[in-house]
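Chain by chain, the residues run as shown.
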Amino acid sequence: MKAENIIGLASIVEKPARPYLGIRFQTPFDGMFAVAAKALKELRTWSKKNGLAETGPYFMRYYHCDMKSIMDVEVGLMTDSGHPGEGHIQPGSLPSGRYATLVYRGNGLRGNQALMKWAKDEGIRFDPLVADEAESYVCRYEAYLTDYRVESRKLLWDVELSIKLPDR
């Protein structure tokens, strides 16, 4: 079965702050997804061992996206457990605020391009982590809405892409 690329409608939504536990790392773009898969597996194993309740999906957060250099990213699990973390698994929070968002299935590059084009066409700018630095985000993440235990093929996952907008 060939994976069908599906991209939903982009919109702006208000989101509350959401606590999580995550593993942050820096890596070149080439090979990043293998590093992320390993970190997600470690986080899933650790959260299961510690009996954490999942209150939302696993996700990948992008702080700096420089595909020609080093990516600064984090994998996480939304949870309200209040667990302090352990070692390089640390608590964090997806900040509250307005987000540009869409859901896609299939190729992540196409999903990201669709949201970026929509934002540009609408005159929407994103909230930068570092002012005047390209591809720097206070909060940009892809939440994996499909349960990996039910569907192992990533190209068939529904993924919510959300990027925080500046406060008004």
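Please refer to the structure higher up on the page.
Remember, it's a predicted structure, so these values are computed and weren't measured experimentally.

## A look at the overall build of the chain
From N to C terminus, the chain includes 2 helices and 9 strands. Walking the chain from its N terminus toward its C terminus, one meets helices and strands in the order β-β-β-α-β-β-β-β-α-β-β. Each principal axis of the C-alpha atoms in the chain carries an extent, and together these give about 45 × 40 × 30 Å. In the chain, the share of contacts with a sequence separation of at least 24, taken over all contacts with a separation of at least 6, comes to 74%. Accessible surface, the chain as shown: approximately 9400 Å² in total, 54% of it carbon and sulfur.

## Looking at the pattern of salt bridges
In this structure the tally under the stated criterion is 9 salt bridges. Notably, a salt bridge pairs Asp72 with Arg24, separated by 2.7 Å at the nearest N-O pair. One end of the pair, Asp72, is in strand β5 (residues 70-78); the other, Arg24, is in strand β3 (residues 18-28), with 48 residues separating them in the sequence. Take Asp72: its relative accessible area is 10%, and that puts it in the buried class. The class for Arg24 is partly exposed, based on a relative accessible area of 41%. The closest approach of N and O atoms between Glu135 and Arg140, which form a salt bridge, is 3.2 Å. Judged by relative accessible area, which is 35%, Glu135 ranks as partly exposed.

## Overview of the environment of Met78
As for its position among the elements, Met78 is in strand β5. Assessed through its relative accessible area of 7%, Met78 is described here as buried. It is 8.9 Å that separates the C-alpha atoms of Met78 and Leu94, two residues lying 16 residues apart in sequence. Beyond its immediate sequence surroundings of up to four residues, Met78 is in contact with Arg18, Pro19, Tyr20, Ala53, Glu54, Thr55, Gly56, Pro57, Phe59, Leu94 and Tyr141.

Definitions and limits used
- Residues numbered from 1 in each chain as written.
- Predicted model: local features only at pLDDT ≥ 70, side-chain atom pairs only at ≥ 80, totals over all residues.
- Heavy atoms only, no water.
- Helix = DSSP H or I, 4+ residues; strand = E, 2+ residues; numbered from the N terminus.
- Contact = heavy atoms within 4.5 Å.
- Areas by Shrake-Rupley, 256 points an atom, 1.4 Å probe, with all protein chains shown as cover.
- Salt bridge = Lys/Arg side-chain N within 4 Å of Asp/Glu carboxyl O.
- Buried < 20%, exposed > 50% of the residue type's maximum accessible area, 1.4 Å probe, protein only.

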